[in-house]
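# Structural overview for review
Chain by chain, the residues run as shown.
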Amino acid sequence: MIVLQSQAEEIAEANELLADAPAETILRWAVRTYREKLTMATAFGAEGCCILHLLAEIDPNVRTFNLDTGYQFAETLELRERIRERYGIEVEYIRPESTVAEYEAEHGGPLYNIRPDQCCHDRKILPLRQAVVGYDAWISAIRRDQTNHRAVAGVVQWDAKFNLVKINPLLNWTRKDVWSFILKNDIPYNPLHDRGYPSIGCWPCTASVGEGEDERAGRWAGSGKKECGLHVVEVEDGGGI
Ligand code: SF4
């Protein structure tokens, strides 16, 4: 889909206005602008937990969801319950059409080792496409300093992959900012972070990392894959993500 010129101008204006704004200001703007057409995907990473904490204050009714691939860590699923208890926010599970058992039977075994792009496509991207139908904008928890793809993101941008406006309130935060905020506000977080997992996805594709290693080095370690595809830039009519 091609973003309309007028919409592209509005996005560019908002991005300019909010480029250096605090995360709370960006979220308040998003809630005010998109109302019930705003949604958020979260994998319950440290950054996502910060945004859920902010949303609990600003508007806990923003629809939030988790892409439950069937391969998530038990600690991640437990964190969803802890978030619900603390904030009253019930993050909705969005699941692929097939269970893990059905999927692996269909393909003669798991695909995460041999065709991880297809596995991510089938178990994350396709369900996400369904989950955002009818929404105008989505909130993501990416930080600019995480990957080269994320370095070129904007605070407000057009997401050509999912035909939505994408809002990245923590884009300018560092890892240190995230952890200072979590500790200061006693925000629930995944205990795996304390066991050498700075970035957590599905268990088959997430390894612990050593001291000083890149924080995403444990994601699809040993392969060239760095992203599941949700946050990869796609250039269309002048750019988008
Ligand atoms: S992260 Fe791994 S297990 Fe999860 S959907 Fe992608 S390839 Fe499959």
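This text gives an overview of the structure that appears in the document. (Residues numbered from 1 in each chain as written. Predicted model: local features only at pLDDT ≥ 70, side-chain atom pairs only at ≥ 80, totals over all residues. Heavy atoms only, no water.)

### Side note on the site of the ligand
How we decide: Each residue is tested against the molecule or strand, and it is near if at least one of its non-hydrogen atoms lies within 4 Å. Under the scheme applied here, ten amino acids are nonpolar (Ala, Val, Leu, Ile, Met, Phe, Trp, Tyr, Cys and Pro), four are charged (Asp, Glu, Lys and Arg), and all others, including Gly, are polar.
The environment of the ligand is made up of nine residues, and the closest members are Pro116, Cys119, Cys120, Cys202 and Cys205. Of the residues assigned to the shell around the ligand, the class counts are eight nonpolar, no polar and one charged.

### Brief notes about empty space enclosed by the protein
Defined as follows: In this analysis the probe radius is 1.4 Å and the grid spacing 1 Å, with only protein atoms considered; a cavity is a set of points the probe fits into but cannot get out of, a pocket is an open set with protein on both sides within 12 Å along at least five of seven lines, and lining residues have an atom within 4 Å of a point. Grid points are joined across faces, edges and corners, and a volume is the space filled by probe spheres set on the points.
Inspection of every chain in the model, using the stated rule, returns two cavities of 30 Å³ or more. Reported here for the second largest cavity is a volume of approximately 100 Å³. If you go around the second largest cavity, you meet eleven residues; those closest to its centre are Cys119, Cys120, Lys124, Cys202 and Cys205. Looking at the lining of the second largest cavity residue by residue, the classes come out as eight nonpolar, one polar and two charged.

### A short note on the packing of helix α3 (residues 46-58) against helix α4 (residues 74-87)
Going by this rule: For helices, the fitted line uses only the C-alpha atoms of the stretch in contact; every axis is such a line through C-alpha atoms, and the angle between N-to-C directions lies from 0 to 180 degrees. Helix numbering and strand numbering both begin at the N terminus, where a helix is a DSSP run of H or I of at least 4 residues and a strand a DSSP run of E of at least 2. Here roughly perpendicular refers to angles of 65 to 115 degrees, roughly parallel to angles under 35, roughly antiparallel to angles over 145, and oblique to all remaining angles. Rotating anticlockwise by less than a right angle from the far helix to the near helix defines a left-handed crossing, while the corresponding clockwise rotation defines a right-handed one. In this description, contact between two residues means that some pair of their heavy atoms is separated by no more than 4.5 Å.
With their axes 11 Å apart at the nearest point, α3 and α4 run at an angle of 20° to one another. Classified by the angle between their axes, α3 and α4 sit roughly parallel to one another. For the pair α3 and α4, the crossing hand works out as right-handed. For the pair formed by α3 and α4, the contact residues are Cys49, Leu52, His53 and Ala56 on the first element and Leu79, Ile83, Arg86 and Tyr87 on the second. Residues belonging to the contact of α3 with α4 are distributed by class as follows: six nonpolar, one polar and one charged.

### Here we look at unusual backbone geometry
How we decide: To sort residues, take the accessible area from a 1.4 Å probe on protein chains only and compare it with the maximum for the residue type: under 20% means buried, over 50% means exposed, and anything in between is partly exposed.
For Phe44, which is not glycine, the phi dihedral falls at a positive 60°. Under the relative-accessibility criterion, Phe44 is labelled buried at 1%.

### Some words on the packing of aromatic side chains
To keep things clear, this is the line we draw: Whether two aromatic rings pair depends on their centres lying within 6.5 Å, for rings of Phe, Tyr and Trp, where Trp uses its six-membered ring; planes under 30 degrees apart make the pair stacked, over 60 edge-to-face, and the rest tilted.
A full pass over the atoms with the stated rule returns eight aromatic pairs. Note on Tyr71 and Trp203: the rings are 6.3 Å apart at their centroids and 75° apart in plane angle, and the pair reads as edge-to-face. Highlighted residues: Tyr71 in the loop between β2 (63-67) and α4 and Trp203 in the segment after α8 (175-185), separated in sequence by 132 residues. Geometrically, the ring pair formed by Tyr112 and Trp203 is edge-to-face, given 6.0 Å between the ring centres and 65° between the ring planes. Within this pair, whereas Tyr112 is found in the loop between α5 (100-106) and α6 (116-131), its partner Trp203 is found in the segment after α8, the two being separated by 91 residues in sequence. Here Tyr112 falls in the buried class, since its relative accessible area comes to 15%.

### Considerations on the environment of Arg115
We apply this condition: Definition of a polar contact: a pair of N or O atoms within 3.5 Å, with one able to donate and the other able to accept a hydrogen when the atoms are protein atoms, and with sequence-neighbouring residues admitted only if both atoms are side-chain atoms.
Counting through the fold element by element, Arg115 comes out in the loop between α5 and α6. Of the residues examined, Arg115 reaches a relative accessible area of 40% and is grouped as partly exposed. In this structure the side chain of Arg115 is engaged in a polar contact, spanning 2.8 Å, whose partner is the side chain of Gln118.

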